[in-house]
Amino acid sequence: MTATSPSPSALHPAPAAARPDRRPSPRLRLPFHAWHLLLAPLSLLFALPLIWVVLSSAMSDAEINRFPPALWPSGIDLGGYRYVLGNAMFPRWFANSLIVSLVAVVSNLLLGSLGGYAFARMRFAGSRLLLALMLGTMVIPFQLTMIPTFLVMKRLGLIDTLGALIVPSLVTPFAVFLLRQFFLSLPRELEEAAWLDGCSRLRVLFRIVLPLSRPALSTVAVLTFLTTWNDLSWPLIAINHDTQYTLQLGLTTFQGQHHTKWSAVMAGNVVTVLPVLLAFLFAQKSFIQSITSSGLKG
Amino acid sequence: MPRLPTPLTLADPGTDTDTGRGRRAARRRQRRETTTAWAFVSPSVLVILGLSVVPVAWSLLLSFQADDLVTPSRWVGPDNYRALVQDPHFSQAVRNTVLYTVLYVPLSIALGLALALALNQRIRLVGLYRTLIFVPFVVSATAQGVLFSFILDPEFGAANSVLHKLGISPQGFLTDPGQALLALVAISLWSGTGFCVVVTLAALQDVPPSLVEAARLDGAGRRHLLRHVTLPALAPVLTFLTVWQTINALQVFDLVYVTTKGGPLGSTTVIVYFIWEQAFKNFTAGYGAAAAYALALALLVLGTVPRTVRAVRGRARADHRLEGAAR
């Protein structure tokens with residue numbers, strides 16, 4: 001109707017009085033959307049503590065340790081960073097965390113793919129029961145298993161070594177299940193062609209399936225990295241000697257020992273958070289997607 | 001399986017050996033397939049089941065024993081559980097945990113819902129706002145704890161310095177028994193709200209636009225739209241978030257360990273901190289295992305809540321439909 005006969009108001013703009021709802025309001029008109037007034041300060045409030053860490057990591061201790069403390073550094077003082085990186089332990093803790101997290105990521109990708117593929121495409125006796133059991137373990141809270149896991153690791157002679165941190169994080173049911181679901185969503189035909197050409201299952205998985213599974217693999221990688229890097233409870237139980245500390249464990253004890261050397265503690269904090277922050281910013285989209293999808297299906 | 005008798009003797013000997021060979025080859029292939037499958041799954045099965053089923057059973061056993069993690073354990077029967085019921089420290093831990101959960105869960109979900117509704121606008125910079133609100137979620141509990149110990153430090157912290165400028169006397173925050181738990185709730189809200197926002201926002205964007213449009217054409221205002229269209233559509237997600245946040249809140253530990261170590265005066269000793277203290281500080285692992293089993297049972301019951309709610313709701317809906325049919 002509107003296409004054939006344009007509305008009269010479009011041809012002859014009605015006087016403002018005729019349409020009271022469109023009258024320019026006497027209120028102050030903002031040059032931007034009103035929602036910004038609420039969202040900008042709120043989101044800044046969430047970012048503020050992190051900004052504050054970065055600022056104070058670049059302050060001198062004299063600036064921090066006076067009352068009231070300075071809220072803005074007068075100049076950039078990298079003494080905190082120099083102290084942290086010069087402290088023989090900190091780089092070592094960083095390396096320990098990196099080793100544990102990277103081994104966990106690689107092994108979750110590898111073992112998760114193998115297990116997920118077998119559960120998605122291969123028929124073998126007991127596969128359903130096994131999958132159900134593995135999924136069932138996802139609801140077991142960590143506190144229930146931590147004491148016996150400590151005893152198991154002790155029998156294996158792994159307590160106080162990075163091995164104790166690596167073994168339990170080698171593969172999670174989450175990785176197996178997520179990859180299985182993704183593999184199920186891929187068309188079978190591609191694999192069947194290769195299969196008929198005489199490729200082995202392993203070859204099909206590595207040459208055809210995995211290259212198509214980038215999104216699922218990156219989700220597993222990012223979430224595995226995040227949880228292993230950020231974990232404190234298990235390293236706290238499994239590690240006593242400070243040469244084997246992870247960064248999280250090191251940071252807490254470092255804070256306990258240097259609680260007046262705040263610039264160093266904050267520099268250490270920046271170093272601890274930075275890798276995860278970078279990983280998040282690079283993979284933000286797949287990250288948020290994975291959280292919402294795993295959450296909603298939860 | 002009922003099968004017609006096969007005329008074996010009359011069959012062509014050539015084809016017979018052929019199918020026999022084919023069947024044998026198929027069986028061999030199936031056997032090889034099974035071997036491959038087991039080779040694929042066995043590392044995962046070994047790690048996952050080995051480090052969950054075995055410990056769960058062992059934990060149950062431990063909870064009926066006295067064990068110091070070093071010397072052989074001694075059977076004590078239900079003594080650990082009996083002691084747990086009477087232990088004032090445990091009941092304090094339960095009270096603290098419940099208080100933390102009751103404050104944190106509704107606040108994080110309400111705040112998450114409000115922020116998600118605000119972020120569900122087609123305006124500029126909305127992506128940046130979302131990122132800023134979500135970013136604290138990826139910060140480890142350790143880093144959060146260290147960061148807020150600094151900000152809330154009674155002497156050198158920024159919080160007191162801001163209060164000072166506003167003319168308010170300095171507060172104890174994490175060092176004050178009356179404020180410590182509240183401070184922990186606030187820190188958790190800072191880091192945990194982003195998760196609620198992201199999950200709620202995803203659900204909001206799944207609300208069918210046709211539904212909203214139809215309601216609007218029927219003359220629904222903004223408030224009606226929220227109450228009768230948006231919130232009902234979000235109900236499953238809000239239920240999920242409630243259960244998820246509650247389960248996580250009941251297991252809070254890292255943040256407590258880093259900031260207060262259960263203090264001051266036990267005002268922030270939560271259940272998991274109690275378990276950890278019993279097992280790895282006091283070396284009464286059997287007692288800790290009993291506390292862990294008590295918590296796990298509570299979590300298990302909670303985990304079944306959404307299913308029960310759904311079942312009850314489904315039945316109510318069915319009843320309603322039956323009534324309608326009867327009329």
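This is a predicted model, so every value here is computed, not measured. (Residues numbered from 1 in each chain as written. Chains lettered and ligands numbered in written order. Predicted model: local features only at pLDDT ≥ 70, side-chain atom pairs only at ≥ 80, totals over all residues.)

Trainee: Would you take a moment to explain the overall build of chain B for this structure?
Mentor: Helix and strand content of chain B: 14 helices and two strands. Over its C-alpha trace chain B gives a radius of gyration of 29 Å, far above what one expects of a compact globule, namely 20 Å for 327 residues. Counting only C-alpha atoms and orienting by the principal axes, one finds that chain B spans roughly 105 × 75 × 50 Å. A total of 327 residues make up chain B; the buried ones form 39% of that total. Sequence-distant contacts in chain B: of pairs separated by 6 or more residues, those separated by 24 or more amount to 68%. (Helix = DSSP H or I, 4+ residues; strand = E, 2+ residues; numbered from the N terminus. Rg over C-alpha atoms; globule rule 2.2 N^0.38 Å. Buried ≥ 20, exposed ≤ 12 C-beta atoms within 10 Å, placed from the backbone. Contact = placed C-beta atoms within 7 Å.)

Trainee: It is not clear to me how the overall build of chain A should be interpreted in this structure. Could you clarify?
Mentor: When helices and strands are counted, chain A shows 16 helices and zero strands. The buried share of chain A, taken over its 298 residues, is 41%. Counting only contacts in chain A whose residues sit at least 6 apart along the sequence, the fraction spanning at least 24 positions is 74%.

Trainee: Got a minute to help me understand the packing of helix α4 (residues 88-119) of chain B against helix α10 (residues 222-250) of chain B in this structure?
Mentor: Any two packed helices are characterised by the angle at which their axes cross and by the distance between the axes. All names here are of chain B. For the pair α4 and α10, the least separation of the axes is 9 Å and the interaxial angle reads 145 degrees. Crossing of α4 over α10 shows right-handed handedness. Across from Thr-97, Tyr-100, Thr-101, Tyr-104, Val-105, Ser-108 and Ile-109 in α4, the residues of α10 making contact are Leu-238, Leu-241, Thr-242, Gln-245, Thr-246, Ala-249 and Leu-250. The residue inventory of the contact of α4 with α10, partitioned by class, reads eight nonpolar, six polar and no charged. (Axes fitted to C-alpha atoms, helices over the stretch in contact; angles between N-to-C directions. Left-handed = near helix turned anticlockwise from the far one by under 90°. Nonpolar A, V, L, I, M, F, W, Y, C, P; charged D, E, K, R; others polar.)

Trainee: Before we go on, may I ask you to explain the UniProt feature "transmembrane region" (unreviewed entry) in chain A in this structure?
Mentor: Residues and elements named next belong to chain A. Within the UniProt annotation, "transmembrane region" (unreviewed entry) is assigned to residues 32-55, 93-117, 129-150, 162-183, 204-226 and 262-283. With 100% helix and 0% strand, residues 93-117 has end C-alpha atoms that lie 35 Å from one another. Between the C-alpha atoms that bound residues 162-183 there is a distance of 32 Å. The span itself is 73% helix and 0% strand. (UniProt positions renumbered as here; feature names shortened; annotations may be inferred.)

Trainee: What is the right way to read the UniProt feature "domain: ABC transmembrane type-1" (unreviewed entry) in chain B from this model?
Mentor: Here the UniProt-annotated "domain: ABC transmembrane type-1" (unreviewed entry) positions come out as residues 94-308 of chain B. Within residues 94-308 of chain B, the helical portion is 73% and the strand portion 0%, while the C-alpha atoms at the span's ends are 25 Å from each other.

Trainee: Just to check I follow, could you spell out the UniProt feature "transmembrane region" (unreviewed entry) in chain B for this structure?
Mentor: Residue and element names in this part refer to chain B. When the UniProt feature table is mapped onto this chain, "transmembrane region" (unreviewed entry) is found at residues 37-61, 98-119, 131-152, 180-204, 225-247 and 285-305. Segment residues 180-204 splits into 100% helix and 0% strand. End C-alpha atoms: 35 Å apart. Secondary structure across residues 285-305 comprises 95% helix and 0% strand; the distance between its end C-alpha atoms is 30 Å.

Trainee: I keep staring at the interface of chain B and chain A and nothing clicks. Help me out?
Mentor: In many reports, interface size means the accessible area that the parts give up when they come together. Across the contact, 71 residues belong to chain B and 71 residues belong to chain A. Classifying every residue of the side of chain B that touches chain A gives 53 nonpolar, 15 polar and three charged.

Trainee: What should I look at first to understand the UniProt feature "domain: ABC transmembrane type-1" (unreviewed entry) in chain A in this one?
Mentor: Sites flagged by UniProt as "domain: ABC transmembrane type-1" (unreviewed entry) map to residues 94-283 of chain A. As annotated, residues 94-283 of chain A comprises 77% helix and 0% strand, and the C-alpha atoms at either end are separated by 22 Å.

Trainee: Would you take a moment to explain the nonpolar core for this structure?
Mentor: Val220(A), Leu184(B), Val197(B), Val270(B), Ile271(B) and Ala291(B) are the most contacted members of the largest nonpolar core, which has 158 residues in total. Other than its neighbours up to four places away in sequence, Ala291(B) contacts Leu84(B), Phe90(B), Ile271(B), Phe274(B), Ile275(B) and Gln278(B). (Core = buried A, V, L, I, M, F, W, Y, C linked by C-beta atoms within 7 Å.)

Trainee: Looking at this structure, how should I read unusual backbone geometry?
Mentor: The phi torsion of most residues other than glycine is negative, and most of the peptide bonds are trans. That bond from Gly263(B) to Pro264(B) is cis: its omega, -15 degrees, falls within 30 degrees of zero. Although it is not a glycine, Asp160(A) sits at a positive phi angle of roughly 75 degrees. Considering the arrangement of structural elements, one finds Asp160(A) in the loop between α7 (142-155) and α8 (162-166). The backbone of Lys261(B) shows a phi angle near 50 degrees, a positive value even though the residue is not glycine. Among the residues examined, Lys261(B) registers 14 C-beta atoms within 10 Å and is labelled partly exposed.

Trainee: Would you mind going over the confidence of the model for chain B with me for this structure?
Mentor: Keep in mind that low pLDDT regions are not for reading the predicted coordinates in detail. Here chain B shows a mean pLDDT of 86. Residues at 70 or above account for 90%. Across the interfaces of the predicted complex, the ipTM metric reaches 0.83, alongside a pTM of 0.84. (pLDDT = per-residue confidence, 0-100.)

Trainee: I would appreciate a short explanation of the confidence of the model for chain A in the present structure.
Mentor: Averaged over every residue, the pLDDT of chain A is 84; the share at 70 or more is 87%. Long-range and interchain partners of residues 1-22 of chain A, a stretch whose pLDDT sits below 50, account for six contacts in this model, where long-range means more than four residues apart.

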